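Results of the structural survey
Next come the chains, spelled out residue by residue.
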Amino acid sequence: MGNSLKAIVAFVPSNECQKYLLEDLEEMPVDKTVDLSSRQLRRLPLHICSFRELVKLYLSDNNLNHLPPELEQLQNLQILALDFNNFKALPLVVCTLKQLCILYLGNNKLCSLPLELRLLQNLKTLWIESNCLQRLPEVVCELSLLKTLHAGSNALRTLPAQLRCLQELRTIWLSGNLLSEFPPVLLDMPFLEVIDVDRNSIRFFPSLAHLPGLKLVIYDHNPCRNAPKVAKGVRRVGRWSEETPEPRKRSGAVIEITLDEKPSPPLASKPEPE
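Remember, it's a predicted structure, so these values are computed and weren't measured experimentally. (Residues numbered from 1 in each chain as written. Predicted model: local features only at pLDDT ≥ 70, side-chain atom pairs only at ≥ 80, totals over all residues. Heavy atoms only, no water.)

**Section: the overall build of the protein**
- Within the protein, the regular secondary structure consists of two helices and 12 strands.
- Listed N to C, the secondary structure of the protein is α-α-β-β-β-β-β-β-β-β-β-β-β-β in terms of helices and strands.
- Relative to its 274 residues, the protein shows a buried fraction of 47%.
- In the protein, the proportion of contacts linking residues at least 24 apart, taken out of those at least 6 apart, comes to 25%.
- Element-wise, carbon and sulfur atoms account for 51% of the exposed surface of the protein, whose accessible area totals about 13800 Å². (Helix = DSSP H or I, 4+ residues; strand = E, 2+ residues; numbered from the N terminus. Buried < 20%, exposed > 50% of the residue type's maximum accessible area, 1.4 Å probe, protein only. Contact = heavy atoms within 4.5 Å. Areas by Shrake-Rupley, 256 points an atom, 1.4 Å probe, with all protein chains shown as cover.)

Dropping the structure here:
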């Protein structure tokens, strides 16, 4: 079915038209996974909420801006993808899905997250990149099992001190924000393994050599005058990363070192379905 025809049919709420968009998905698949990505959906078909053993639900790249309260029936759901939609607020029904481990909310229009998000105490991966967040919602700091946080391409200028409470956090992606200094709270998180602050406005980097868990720091595309000092074996991606920890100075002037080849930051991608 062509995308143009799907877009037209999506405006018609009849059951026949919705079944046409779903391509006759009437029963829960054996793998307990439903992928309705890129279907031009404007509403979630209610019969999907009857698949009570569903584990993975992908709704990426649609035209959704709300979800039905019946979604609460999916209490076995572990992965929910709502990225690339039109959500201005996270539907509260999502916060009732207490088995969620991975939640994709990127590329929406979110300016905040509800306090009810704290109910998702099994959440391990949260994607909130490419939204309208001017500050990291403090409720994120209450997700005690969180291991990976993707918060790039927002308008963050700082991070809350409560973030240090996330002792399971291993990876934090903050590229493309408005950070003018390296977030001080990250210096108190020795368990972090990956820190990405690429494409910000950081002019000076403190030493990160005291972070024993650190494996990778990405700091490229910042107007910095120094590279962060790191412990032996830690990979750095940014200016001067492969030659010296500091730019060479001569007569008070800073001579910038240009690398012939700079390693590219690893692409952050969604975990493959199990």
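**Notes on the environment of glutamate 193**
- Following the sequence through the fold, glutamate 193 ends up in the loop between strand E7 (171-173) and strand E8 (194-196).
- When the C-alpha positions of glutamate 193 and leucine 211 are compared, they lie 8.7 Å apart, and in sequence the two are 18 residues distant.
- Ignoring anything within four residues of it in the chain, the contact list for glutamate 193 reads Arg170, Gly213, Leu214, Lys215 and Leu216.

**What to know about the environment of tryptophan 127**
- Assignment of secondary structure puts tryptophan 127 in strand E5 (residues 125-127).
- By relative accessible area, tryptophan 127 is classed as buried at 8%.
- Considering only alpha carbons, one finds tryptophan 127 and alanine 81, 46 residues apart in sequence, at a separation of 9.3 Å.

**Thoughts on unusual backbone geometry**
- The phi angle at lysine 32 is positive, at roughly 60°, despite the residue not being glycine.
- Of note, lysine 32 is situated in the loop between helix H2 (15-22) and strand E1 (33-35).
- Residues other than glycine seldom take positive phi values, yet serine 153 does so here, at roughly 55°.
- For serine 153, the position within the fold is in the loop between strand E6 (148-150) and E7.

**What about the confidence of the model for the protein?**
- Mean pLDDT for the protein: 86, with 79% of residues reaching 70 or above.
- For the stretch residues 4-10, pLDDT sits under 50, and the model shows 15 contacts to residues farther than four places along the chain or on other chains.
- Contacts of residues 243-269 to residues separated by more than four positions or lying in other chains number 44 contacts, the stretch itself having pLDDT below 50. (pLDDT = per-residue confidence, 0-100.)

**A closer look at the sheet that holds E6**
- What the 10 strands build is an open sheet, ordered E1-E2-E3-E4-E5-E6-E7-E8-E9-E10; its pairing is parallel. For this open sheet the edge positions go to E1 and strand E10 (235-237), each flanked by a neighbour on one side alone. Across the sheet, the mean angle separating the axes of adjacent strands is 5° when strand polarity is ignored.
- The pairing of E6 with E7 spans three bridges and is parallel. Paired with histidine 150 across the two strands is tryptophan 173, which belongs to E7. (Pairing = 2+ DSSP bridges. Axes fitted to C-alpha atoms, helices over the stretch in contact; angles between N-to-C directions.)

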